[in-house]
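Commentary on secondary and tertiary structure
Single-letter residue listing:
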Amino acid sequence: MSLKDQFGKDILLTGWGHSKFGKLADETLESLVVQVAGEAISNSGLAPKDIDEIYLGQFNSGMQPLGFTSSLALQLSADLANVPATRTENACASGSAAFQQGVKAVLAGTARNVLVIGAEKMTDAGADVVGAALLGASYEMAGKASSTGFTGLFAEVAKHYDKRYGAGITGPGVQGLGDVLGSIAAKNHRNGMDNPYAQMHRDFGEEFCRTISDKNPMVAEPLRRTDCSPVSDGAAAVVLSSSATGGATAPVRLAGFGHANDFFPAERRDPTEFAATRASWERAFAMAGVGIEGLDFAEVHDCFTIAELIMYEAMGLAPRGEGSRAITEGWVYKDGKLPINVSGGLKAKGHPVGATGVSQHVIAAMQLSGTAGDMQLPHARRGAVQNMGGVGIANYVSVLEAV
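Residues numbered from 1 in each chain as written. Predicted model: local features only at pLDDT ≥ 70, side-chain atom pairs only at ≥ 80, totals over all residues. Heavy atoms only, no water.

The next point concerns the sheet that holds strand S9 (residues 297-299). On the basis of which strands lie adjacent, the open sheet formed by nine strands has the order S3-S2-S4-S7-S1-S8-S11-S10-S9 and mixed pairing. The strands lining the two open edges of the sheet, one partner per strand, are strand S3 (85-88) and S9. Within the sheet, the average angular offset between the axes of one strand and its neighbour, ignoring direction, is 25°. Taken strand by strand, helix H8 (residues 275-288) contacts strand S8 (252-261), strand S10 (382-389) and strand S11 (394-402), and its axis lies near 145° from that of S8. (Pairing = 2+ DSSP bridges. Helix = DSSP H or I, 4+ residues; strand = E, 2+ residues; numbered from the N terminus. Axes fitted to C-alpha atoms, helices over the stretch in contact; angles between N-to-C directions. Contact = heavy atoms within 4.5 Å.)

We now examine H8. Helix length check: H8, at 14 residues, gives a terminal C-alpha distance of 20 Å against a target of 20 Å (1.5 Å per residue), a fit within 8%. Within H8, 10 of the 14 residues are buried, leaving the element largely enclosed by the surrounding structure. Among the residues of H8, those classed as buried are Ala276, Thr277, Arg278, Ala279, Ser280, Trp281, Ala284, Phe285, Met287 and Ala288. For H8, the secondary structure elements touched by its buried residues are helix H1 (3-7), S8, helix H9 (305-314), S10 and S11. Once H8 finishes, Gly289 follows within two positions and takes phi at roughly 70°, a positive value. (Expected span 1.5 Å × (residues − 1). Buried < 20%, exposed > 50% of the residue type's maximum accessible area, 1.4 Å probe, protein only.)

This part takes up unusual backbone geometry. Residues other than glycine predominantly adopt negative phi, and peptide bonds predominantly adopt the trans conformation. In the segment running from Glu221 into Pro222, the intervening peptide bond is cis, with an omega of 10°. Structurally, Pro222 can be placed in the loop between strand S5 (218-220) and strand S6 (223-224).

This part takes up the nonpolar core. Core analysis: the largest hydrophobic core is formed by 62 residues, its most contacted members being Phe154, Trp281, Ile306, Leu309 and Tyr312. Looking at this core, the elements with two or more residues in it are helix H4 (127-135), helix H5 (149-165), helix H6 (177-192), H8, H9, helix H10 (324-328), S10 and S11. Setting aside chain neighbours within four positions, we find Trp281 in contact with Leu295, Val300, Met311, Ala314, Met315, Ala384, Gln386 and Val397. Grouped together as the second largest cluster of nonpolar side chains are 37 residues, Ala98, Val114, Val252 and Val358 included. (Core = buried A, V, L, I, M, F, W, Y, C linked by side-chain atoms within 4.5 Å.)

Residues annotated in UniProt with the feature "domain: Thiolase C-terminal" (unreviewed entry) correspond here to residues 267-401. The distance from the first to the last C-alpha atom of residues 267-401 is 38 Å, and the span holds 38% helix and 14% strand. (UniProt positions renumbered as here; feature names shortened; annotations may be inferred.)

Next up on the list: the packing of H8 against H9. It is the contact of H8 with H9, at a shortest axis distance of 9 Å, that shows an interaxial angle of 50°. In terms of orientation, H8 and H9 fall into the oblique class. Both H8 and H9 take part in a crossing whose hand is right-handed. Here Thr277, Arg278 and Trp281 of H8 come into contact with H9, specifically with Met311, Glu313 and Ala314. Residues that form the contact of H8 with H9 fall into these classes: three nonpolar, one polar and two charged. (Parallel < 35°, antiparallel > 145°, perpendicular 65-115°, else oblique. Left-handed = near helix turned anticlockwise from the far one by under 90°. Nonpolar A, V, L, I, M, F, W, Y, C, P; charged D, E, K, R; others polar.)

Right, let's get into the pairing of S10. Across the eight residues of S10, seven count as buried, placing the element largely inside the fold. The pairing of S9 with S10 spans three bridges and is classified as parallel. Along S10, the bridge assignment pairs Ala298 with Ala384. Taken together, the eight bridges between S10 and S11 define a ladder with antiparallel strand orientation. Within the sheet, the bridge partner assigned to Val385 lies in S11 and is Ser398.

Glancing now at helix H12 (residues 353-369). Across its 17 residues, H12 extends 25 Å between first and last C-alpha, which sits within 8% of the 24 Å expected from 1.5 Å per residue. When the local axis directions of H12 are compared, the greatest deviation, roughly 25°, occurs at Ser359. The element H12 is extensively covered by neighbouring structure, given that 17 of its 17 residues are classed as buried. After H12 finishes, the residue Gly370 shows a positive phi value of roughly 70°. (Bend = angle between axes of the 7 residues up to and from the residue.)

It is worth spelling out the side chain of Thr69 at this point. Structurally, Thr69 is set in the loop between strand S2 (53-57) and S3. The buried category is assigned to Thr69, whose relative accessible area is 1%. Side chain to side chain, Thr69 and Gln58 meet in a polar contact 2.8 Å long. (Polar contact = N/O pair within 3.5 Å; in protein donor to acceptor, adjacent residues only side chain to side chain.)

As structure tokens, then:
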């Protein structure tokens with residue numbers, strides 16, 4: 001069983017574009033959107049007149065004064081006049097929300113070629129504005145003052161995890177949860193060195209990432225600065241098509257996808273279970289007709305290192321409470337059995353909120369088409385993307401494969 005078996009048609013990623021991530025003072029939200037839209041359409045072998053629909057993923061939540069952005073991509077070309085364009089918002093999963101809406105438009109037969117864009121311009125706003133905007137994705141903290149912001153919410157997840165499973169976290173050179181999280185951070189910073197789009201090109205090493213210092217302070221115990229993804233600007237785009245479009249790069253097939261939302265109030269969720277995240281993985285795997293053993297790599301949502309650790313369990317790589325084995329036994333490194341976040345993840349690549357989900361799909365498409373440059377893995381034939389909004393609230397997974 002696969003997506004094509006279920007719906008009777010292919011969904012192909014036929015072109016893509018990606019901006020640099022970081023503090024992009026010379027760029028605007030509009031310029032970023034236009035840049036990646038042009039790259040994706042050109043890469044697909046299509047022209048703007050061939051695009052039937054546009055979806056733009058953007059969180060915003062007050063970080064930019066322009067609150068109505070769906071038509072920004074039309075600035076690319078007069079040939080995009082009158083093309084239907086919709087902005088999607090689902091917190092940090094806004095990009096993958098746009099991606100799945102594009103998928104459904106092609107499956108429904110209302111579009112043959114859909115342009116999906118994810119974009120965010122965060123660094124124009126002050127830290128207080130960004131913090132308040134992100135806390136808008138919390139049921140309990142929206143509109144309230146906080147000294148630790150969204151980091152504090154994931155710090156609570158880490159505390160619950162440590163209380164429940166911390167005693168079992170052992171291994172050579174590992175002394176508890178903090179060391180494991182430090183190893184995840186160090187892995188992703190090292191991977192980010194090979195990603196030309198990444199915001200942070202610094203190989204900090206395990207000792208630095210594990211140690212509290214003036215340059216790596218505690219942000220919200222037990223999460224240090226190196227456990228947190230940075231505030232970023234950036235954009236990415238992909239063209240979804242029902243058939244090959246003759247682009248310069250081989251297309252990539254969507255084999256399956258899943259989406260699941262959890263209850264918003266924290267009291268209705270197990271803080272370490274991420275049940276809806278798990279459900280999104282199960283749905284994507286079921287549609288694709290594969291399991292975790294069928295993947296060659298994955299790009300997952302490591303907004304904080306504790307999120308990546310829990311993802312090892314939610315995706316089925318390790319049993320509950322044993323996610324640390326994936327890092328201590330080397331499974332998730334580039335030369336491991338399932339490389340995770342070869343791009344550097346959100347941790348090193350950056351996390352321009354609305355762009356993240358689309359960026360993950362672009363990076364995966366590069367891997368599967370053999371065009372990932374220094375990030376390239378040998379023999380990458382099938383990979384997965386996982387993107388979430390809030391503390392495991394809105395969850396999206398895609399399984400992609402080489403054609």
